[in-house]
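Secondary and tertiary structure notes
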Amino acid sequence: RKEVEQDPGPFNVPEGATVAFNCTYSNSASQSFFWYRQDCRKEPKLLMSVYSSGNEDGRFTAQLNRASQYISLLIRDSKLSDSATYLCVVKGGGGADGLTFGKGTHLIIQP
Amino acid sequence: SQTIHQWPATLVQPVGSPLSLECTVEGTSNPNLYWYRQAAGRGLQLLFYSVGIGQISSEVPQNLSASRPQDRQFILSSKKLLLSDSGFYLCAWSRPSQAIFYGYTFGSGTRLTIV
């Protein structure tokens, strides 16, 4: 089982709709979780951390389900500018501070 | 505030040529530094990380090497590039033991094409 798995998409969603996607992780001891956004041919940028109780940042809501080992991202009232690849990130695996990146879910918001 | 600089932005190199990519961080000291590669249509692959000057850990065996000659400078090198080395190379930094809270911050990347 891969450490962090995401549906690659693409998710084609009309502007103004709500879209949600999940990410599963394999290491039950994982301690922290993030969502990153990556625009085409650009570097990934931190979108939001994911807290155990769930958290919201404007139109974005992140949730964590430790029992089932998945993280979700919900985007409400989607904008054209939300089109990007969303990377799920989990603290676990190799490297100092050991962040492991999923391959990303590609989201396309259509006018 | 902290900033991370990476150059060049794009690079086209012939097979068998050497490589040197540089990354510097400003506004912080003793950062953890990372080199990632993202091949076309694939995820981020951690290549090297460093927790201090001269300290390099390699995650994947390959013909690349990394060095950290100064606290805030991280260099990715190769003596002889392969076609398979093409990709998007990203440098990142984090405060020691703080990535759990803040994740990593990435540089703008170098798009390397081997011809």
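Worth saying up front: this structure is predicted, and the values here are computed from it rather than measured. (Residues numbered from 1 in each chain as written. Chains lettered and ligands numbered in written order. Predicted model: local features only at pLDDT ≥ 70, side-chain atom pairs only at ≥ 80, totals over all residues. Heavy atoms only, no water.)

For sheets, the rule is that strands pair by backbone hydrogen bonds, running either parallel or antiparallel. Residues and elements named next belong to chain A. With antiparallel pairing, the five strands of this open sheet are ordered in space as β1-β3-β8-β7-β6. The open sheet terminates on both sides in strands that have one partner only, identified here as β1 (4–6) and β6 (55–57). Across the sheet, the axes of successive neighbouring strands diverge by a mean angle of 20°, strand direction being ignored. Pairing of β1 with strand β3 (residues 19–25) involves three bridges; the strand directions are antiparallel. Pairing of Glu5 across the sheet is with Thr24, part of β3. (Pairing = 2+ DSSP bridges. Helix = DSSP H or I, 4+ residues; strand = E, 2+ residues; numbered from the N terminus. Axes fitted to C-alpha atoms, helices over the stretch in contact; angles between N-to-C directions.)

Attention now goes to the interface of chain B and chain A. You'll often see interface size given as the accessible area lost when the parts meet. Every contact between the two is made by 27 residues of chain B and, on the other side, 21 residues of chain A. Here chain B meets chain A over a buried area of about 1700 Å², counting both sides, of which 57% is carbon and sulfur. In this structure, the connection of chain B to chain A is made through zero salt bridges. At the boundary of chain B and chain A, one finds three residue pairs in polar contact (both at pLDDT 80 or more). Where the side of chain B that touches chain A is concerned, the elements lending two or more residues are β4 (32–38), β5 (44–52), β9 (87–94) and α1 (99–102) of chain B. Residue composition of the side of chain B that touches chain A, by class: 15 nonpolar, nine polar and three charged. (Contact = heavy atoms within 4.5 Å. Buried area = accessible area lost by both parts, 1.4 Å probe. Salt bridge = Lys/Arg side-chain N within 4 Å of Asp/Glu carboxyl O. Polar contact = N/O pair within 3.5 Å; in protein donor to acceptor, adjacent residues only side chain to side chain. Nonpolar A, V, L, I, M, F, W, Y, C, P; charged D, E, K, R; others polar.)

Moving on, we get to the nonpolar core. Core analysis: the largest hydrophobic core is formed by 22 residues, its most contacted members being A:Phe21, A:Trp35, A:Ile71, A:Leu73, A:Ile75, A:Tyr86 and A:Leu107. Residues contacting A:Leu107, with those up to four places away along its chain left out, are A:Phe11, A:Val13, A:Val19, A:Phe21, A:Ile75, A:Asp82, A:Ser83, A:Ala84 and A:Tyr86. (Core = buried A, V, L, I, M, F, W, Y, C linked by side-chain atoms within 4.5 Å. Buried < 20%, exposed > 50% of the residue type's maximum accessible area, 1.4 Å probe, protein only.)

All names here are of chain A. Applying the stated criterion to the full structure yields two disulfides over all chains. Bridging Cys23 to Cys88, the disulfide has an S-S length of 1.9 Å. With the S-S bond torsion at -70°, the cross-link from Cys23 to Cys88 turns out left-handed. Placement of the pair is Cys23 in strand β3 and Cys88 in strand β9 (residues 84–91), with a sequence separation of 65 residues. (Disulfide = S-S within 2.5 Å.)

Turning our eyes to something else, we now look at the side chain of A:Ser78. All names here are of chain A. Secondary-structure assignment places Ser78 in the loop between β8 (70–75) and β9. A polar contact of 2.9 Å, which involves the side chain of Ser78, links it to the backbone oxygen of Ala17. Excluding its chain neighbours within four sequence positions, the residues that come into contact with Ser78 are Val13, Pro14, Glu15, Gly16, Ala17, Arg59 and Ile109.

Another aspect to go through is the packing of aromatic side chains. All told, the structure shown has 14 aromatic pairs over all chains when counted by the stated rule. Centre to centre, the rings of A:Tyr36 and A:Phe101 are 5.6 Å apart; their planes meet at 65°, and the pair counts as edge-to-face. Note that A:Tyr36 is positioned in strand β4 (residues 33–38) and A:Phe101 in strand β10 (residues 99–101), a separation of 65 residues in sequence. Comparing A:Tyr36 with A:Phe101, the two get one shared label, buried. Aromatic rings pair up to connect A:Tyr36, A:Phe101, B:Tyr34, B:Tyr36, B:Tyr104 and B:Phe106 into one cluster. (Phe/Tyr/Trp six-rings, centres within 6.5 Å; stacked < 30°, edge-to-face > 60°.)

All names here are of chain A. Of all eight residues making up β9, seven are buried, and the element is well covered by its neighbours. The pairing of β4 with β9 spans six bridges and is classified as antiparallel. Note on β9: the bridge partner recorded for Phe34 is Val89. Pairing of β9 with strand β11 (residues 105–110) involves three bridges; the strand directions are antiparallel. Each residue of the ladder has a partner; that of Thr85, found in β11, is His106. Strand direction decides the pairing type here: β9 and β10, joined by three bridges, are antiparallel. Paired with Val90 across the strands is Thr100, a residue of β10.

From the geometry alone we can't say anything about function, so treat these as descriptive.
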